[in-house]
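# Architecture at a glance
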Amino acid sequence: MDFGEYLWIHVPCVRKDRFDYGDWLRETHREARIAARQVPEGERPAVHPSPGGLLAWGSSRGGDVLFWDTSVSEDPDRWTVVVRHSQPAPGSGLLPFHRYDLTLTGYLRRTVRAAGEQPSPAGPLLGPLPGSIARTAYLPTAEPWTAPAPTAPRLTEAERRVALETGTGLDALRLLSPPPERPYLGGGTWEGLFAELGTRLPTEYVELMEVYGAGDWGEWLRFLTPLRTGERRFVTHVEQVLGAYRMAKDRFPHHYPLAPWPEPGGFLPFANSYDNDHLGWLTQGQDPDAWPLIVWPRHTDQVPVLEGGLIHTLLAWQRGTPATPGLAELDEEDDPVEYAGFDAWDDDSYW
């Protein structure tokens, strides 16, 4: 529900590929739990499902997230509002969280006020907002959400130890991140790709792609479709990435030390992240199986080459330890088995 053309009040609903209430709660509470560590320990709010934890109910177009404080009463009608503001809340002892001595309806009433009217209670109350309510525009055909039935763990304790601790190589990776029944590679051939590139690619990469194909790892790292033909083929994406790298290197050579492929030893990307980081090889020497892996990070300075091969790197990253330079890290309270995974693409995918 869209309130005041600015707030989304999230009700239990679902629309395939657009919104799932359960997924939204899980990710919102995870982000809040991480953000709460910025707060001094004695003032740190608990987050659902911890007893008395903050329970999310809405968000704003400005990136604010709204919660109930379930610790104030056993009666849900008395729960008050806590807002995780996208910008620090002046005067709040729970930065970036701010408590309001208002219930949900009281909070919404205070956001609908005349221009110039001071918010009450004091604080960075959102608004003034128009007193309008409308169905959320991007969910016109949403259906009621039903909590999923409890299921048994995907892995037994023995399998979990292999997946997270003792297993190695593709066998452990398959267990931690099950591959698709039909991996999508595109309609071309490896021989055709190698001819277009003027080089073969590492054997380990080919073996991995034959098992998994193109897709998303951990909902973050995207492996390009290697054998697609036509306009969106592998080489097209590589050239686009390296074109951007050359432009940045021309302006700021100190921050972009890599030579772009096909220069000798040049960086050849084959995967990217949702944050626009790029994973690839340094094409050093005549043997592609000896090429080191490296990440061109989007938001930090260049990181060193990665130790170990591609499968070893993926497995270590999906396990959450050790941290892989340039790749997103799991939170200390995340279960790697829950967050590890692979989503295969088909021909409709852009990459």
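So, a few notes on the structure that sits alongside this text. (Residues numbered from 1 in each chain as written. Predicted model: local features only at pLDDT ≥ 70, side-chain atom pairs only at ≥ 80, totals over all residues. Heavy atoms only, no water.)

This part takes up the overall build of the protein. Check the secondary structure of the protein and you find 9 helices and 16 strands. Seen through its principal axes, the protein has C-alpha atoms that stretch 70 × 55 × 45 Å. For the protein, with 351 residues in total, the buried portion stands at 44%. Restricting the contact set of the protein to residue pairs at least 6 apart, pairs at least 24 apart contribute 55%. Carbon together with sulfur atoms contributes 52% to the accessible area of the protein, which is approximately 18,700 Å² in total. (Helix = DSSP H or I, 4+ residues; strand = E, 2+ residues; numbered from the N terminus. Buried < 20%, exposed > 50% of the residue type's maximum accessible area, 1.4 Å probe, protein only. Contact = heavy atoms within 4.5 Å. Areas by Shrake-Rupley, 256 points an atom, 1.4 Å probe, with all protein chains shown as cover.)

Here we take up the sheet that holds strand 4 (residues 19-20). The strands making up a sheet associate through backbone hydrogen bonding, with each pair oriented either parallel or antiparallel. Pairing is antiparallel in the open sheet, where 3 strands are placed in the order 4-3-10. Strand pairing shows two members of the sheet lacking a second neighbour, strand 4 and strand 10 (143-144), which therefore form its edges. Two elements, strand 3 (residues 13-15) and strand 10, share 2 bridges in a ladder whose sense is antiparallel. Note that in strand 10 the partner of valine 14 across the bridge is glutamate 143. (Pairing = 2+ DSSP bridges.)

Moving on: the packing of aromatic side chains. The final tally for this structure, using the stated rule, is 23 aromatic pairs. Judged by centre distance (6.1 Å) and plane angle (40°), the rings of tryptophan 57 and tryptophan 68 are tilted. Highlighted residues: tryptophan 57 in strand 5 (residues 54-60) and tryptophan 68 in strand 6 (residues 65-69), separated in sequence by 11 residues. What makes tryptophan 57 buried here is its relative accessible area of 2%. Residue class for tryptophan 68 comes out partly exposed when judged on its relative accessible area of 22%. (Phe/Tyr/Trp six-rings, centres within 6.5 Å; stacked < 30°, edge-to-face > 60°.)

Below, the discussion takes up the nonpolar core. Counting 55 residues, the largest nonpolar core has Tyr205, Leu208, Trp217, Phe223 and Phe270 as its most contacted members. In this structure tryptophan 217 touches Leu173, Ser177, Leu208, Tyr212, Phe223, Leu314, Trp317, Gln318, Gly341 and Phe342, once residues within four positions along its chain are discounted. (Core = buried A, V, L, I, M, F, W, Y, C linked by side-chain atoms within 4.5 Å.)

Now for the side chain of histidine 237. Looking at the element boundaries, histidine 237 is found in helix 7 (residues 234-251). For histidine 237, the contacting residues outside a window of four places in its chain are Leu224, Arg232, Tyr350 and Trp351.

With respect to the helices and strands, the residue glycine 198 is situated in the loop between helix 5 (190-197) and helix 6 (203-212). Glycine 198 gets classed as exposed once you look at its relative accessible area, which sits at 66%.

Along the chain, the position of tryptophan 351 falls in the segment after strand 16 (342-344). The spatial distance from the C-alpha of tryptophan 351 to the C-alpha of arginine 233 is 8.3 Å, given a sequence separation of 118 residues. Discounting chain neighbours no more than four positions away, the residues touching tryptophan 351 are Arg222, Leu224, Thr225, Arg228, His237, Asn272 and Trp345.

Counting along an α-helix, one turn takes 3.6 residues, and residues three or four places apart therefore face a common direction. Across the 10 residues that make up helix 8 (residues 310-319), a large majority, 9, are buried. Inspection of helix 8 places Leu310, Ile311, Thr313, Leu314, Leu315, Ala316, Trp317, Gln318 and Arg319 among the buried residues, and these make up the whole buried set. At the exit of helix 8 stands glycine 320, carrying a positive phi of roughly 90°.

This part takes up the side chain of serine 60. Note that serine 60 resides in strand 5. Under the relative-accessibility criterion, serine 60 is labelled buried at 5%. A distance of 3.1 Å separates a polar atom in the side chain of serine 60 from the backbone nitrogen of glycine 62. Setting aside anything within four residues of it in sequence, one finds serine 60 in contact with Tyr6, Leu7, Trp8, Leu66 and Leu126. (Polar contact = N/O pair within 3.5 Å; in protein donor to acceptor, adjacent residues only side chain to side chain.)

Let us look at the sheet that holds strand 8 (residues 97-100). Strand order in the open sheet formed by 7 strands is 8-7-6-5-2-1-9, and the pairing between neighbours is antiparallel. The outermost strands of the open sheet, each flanked by one partner alone, are strand 8 and strand 9 (133-134). One ladder, built from 2 bridges, connects strand 1 (residues 2-3) with strand 9; its direction is antiparallel. Within strand 9, the position partnered with aspartate 2 by the bridge is alanine 134. Contacting strand 1, strand 2 (7-9), strand 5, strand 6, strand 7 (80-84) and strand 8, helix 2 (residues 104-111) crosses the sheet at an angle of about 60° to strand 7. (Axes fitted to C-alpha atoms, helices over the stretch in contact; angles between N-to-C directions.)

The next thing to look at is the pairing of strand 13 (residues 267-273). The element strand 13 is extensively covered by neighbouring structure, given that 7 of its 7 residues are classed as buried. Note that strand 12 (residues 221-223) and strand 13 share 3 bridges and pair antiparallel. Across the sheet, the residue bridging to leucine 221 is serine 273, located in strand 13. Taken together, the 5 bridges between strand 13 and strand 14 (residues 278-282) define a ladder with antiparallel strand orientation. In the sheet register, leucine 268 faces strand 14, and the bridge partner there is tryptophan 281. Taken together, strand 13 and the strand that follows it, strand 14, pair antiparallel across an intervening segment of 4 residues, in which asparagine 276 is found at a positive phi of about 75°.

Further remarks concern the pattern of salt bridges. Summed over the entire model, instances satisfying the criterion amount to 15 salt bridges. In this structure, aspartate 69 engages arginine 99 in a salt bridge whose closest nitrogen and oxygen atoms are separated by 2.4 Å. Of this pair, aspartate 69 sits in strand 6 while arginine 99 is found in strand 8, placing the two residues 30 residues apart along the sequence. The exposure class of aspartate 69 is buried, given its relative accessible area of 5%. Using a relative accessible area of 38% as the deciding quantity, one classes arginine 99 as partly exposed. The residue arginine 200 makes a salt bridge to aspartate 289 at a minimum N-O spacing of 3.7 Å. Highlighted residues: arginine 200 in the loop between helix 5 and helix 6 and aspartate 289 in the loop between strand 14 and strand 15 (293-296), separated in sequence by 89 residues. Members of the salt-bridge network, linked through shared partners, are Arg30, Arg33, Arg37, Asp331, Glu332, Glu333 and Asp334. (Salt bridge = Lys/Arg side-chain N within 4 Å of Asp/Glu carboxyl O.)

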